[in-house]
Amino acid sequence: LNSNFKNLNGNYLTLSARYSINSKNNIHSKNINKSDNNQVSDIRKIIKKIREKKLNKNKKIVIITSKEGMKYYKKKINLNYVNYSFQYTKSFLGHVELILNSQKYFSFGASGIVIFPLLSSKPYLISWSHEPNQEYHHSPDKYVGWQKKNQKTIFYCNLKTYLASI
């Protein structure tokens, strides 16, 4: 385990918050679809709902996001029990390690990093606003065949449905 994560003591949850911006310096981000970015109001509601659960009352929530996302969300979501992945690691694999060592992973409007919890035994709640176009979509209620009961995927999901599933 990365030594930067030690003060979390494994007693934390992870929540993806997609925030991408256009960058003239990066050929891959010149035409970003910003409509896929998570809204601050949605992230706040999700955090509130997660913390309402008795089991989650005293857990930190680490928001998995980009450096730009941390700057953006930190200004708008400044809660003492919310930290940001870039406070612990600047590497992509470090973000993956944060997710895989958390007690549960949440993602509303999935981003690319969801592939790691999907391929693991990590408990998760992952949603998409559409049905992902992937070869390994297993069934209407299971994205992958090895999905366990504490691993839930929701397709065509809106915020109300996601909150009700937490």
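The structure reproduced in this document is the subject of the present report. (Residues numbered from 1 in each chain as written. Predicted model: local features only at pLDDT ≥ 70, side-chain atom pairs only at ≥ 80, totals over all residues. Heavy atoms only, no water.)

1. Quick look at the nonpolar core
- Grouped together as the largest cluster of nonpolar side chains are 25 residues, with contacts concentrated most on I43, I46, I47, F106, Y162 and I166.
- Of all the secondary structure elements, the ones that give two or more residues to this core are β1 (12-16), α1 (40-52), β2 (60-64), α2 (67-76), β3 (82-84) and α5 (159-165).
- No other element matches α1, which puts five residues into this core.
- Of all hydrophobic cores here, the second largest spans 19 residues; its members include F5, Y88, Y105 and W128. (Core = buried A, V, L, I, M, F, W, Y, C linked by side-chain atoms within 4.5 Å. Buried < 20%, exposed > 50% of the residue type's maximum accessible area, 1.4 Å probe, protein only. Helix = DSSP H or I, 4+ residues; strand = E, 2+ residues; numbered from the N terminus.)

2. Here we look at the packing of aromatic side chains
- In the structure shown here, the tally under the stated rule is six aromatic pairs.
- With a centroid separation of 5.8 Å and 75° between ring planes, the pair formed by Y19 and Y73 is classed as edge-to-face. Taken as a pair, Y19 in the loop between β1 and α1 and Y73 in helix α2 lie far apart in primary sequence, 54 residues in all.
- Under the relative-accessibility criterion, Y73 is labelled buried at 0%.
- Summarising the aromatic geometry, the rings of W128 and F155 are spaced 5.6 Å apart at their centres and angled 25° between planes, so their arrangement reads as stacked. On the criterion of sequence distance, the pair formed by W128 in the loop between β5 (124-127) and β6 (151-154) and F155 in the loop between β6 and α5 is long-range, its members being 27 residues apart. Exposure class is identical for W128 and F155. Each is buried.
- Taken together, the ring pairs in this structure connect Y19, Y72 and Y73 into an aromatic cluster.
- Note that R51 overlies the ring of Y81, its terminal NZ or CZ placed 3.6 Å from the centroid. (Phe/Tyr/Trp six-rings, centres within 6.5 Å; stacked < 30°, edge-to-face > 60°. Lys NZ or Arg CZ within 6 Å of the ring centre and 35° of its normal.)

3. Re the pattern of salt bridges
- Tallying each qualifying case throughout the model produces one salt bridge.
- Residue K49 pairs with E52 through a salt bridge whose shortest N-O separation is 3.8 Å. Taken together, the positions of K49 and E52, both in helix α1 and three residues apart, correspond to about one turn of that helix.
- For K49, a relative accessible area of 27% puts it in the partly exposed group. (Salt bridge = Lys/Arg side-chain N within 4 Å of Asp/Glu carboxyl O.)

4. Some words on the sheet that holds β5
- The six strands are arranged β3-β2-β1-β4-β5-β6 in an open sheet whose pairing can be described as parallel. Strand pairing shows two members of the sheet lacking a second neighbour, β3 and β6, which therefore form its edges. Averaged over all neighbouring strand pairs, the angle between strand axes comes to 20°, with direction disregarded.
- Judged from the three bridges that link them, β1 and strand β4 (residues 105-107) form a sheet pairing that is parallel. Bridging across to β4, T14 finds its partner in Y105. (Pairing = 2+ DSSP bridges. Axes fitted to C-alpha atoms, helices over the stretch in contact; angles between N-to-C directions.)

5. So, the pairing of β1
- A large share of β1 lies buried, amounting to five of its five residues.
- Here β1 shows a buried face lined by Y12, T14 and S16 and a second buried face lined by L13 and L15.
- Relative to β2, β1 is paired through five bridges, and the arrangement is parallel. Paired with Y12 across the bridge in β2 is K60.

6. A word on unusual backbone geometry
- We note that Y156 has phi near 55°; this positive angle belongs to a residue other than glycine.
- Looking at where Y156 falls in the secondary structure, it is placed in the loop between β6 and α5.
- Exposure remark for Y156: the relative accessible area of 58% places this residue in the exposed category.

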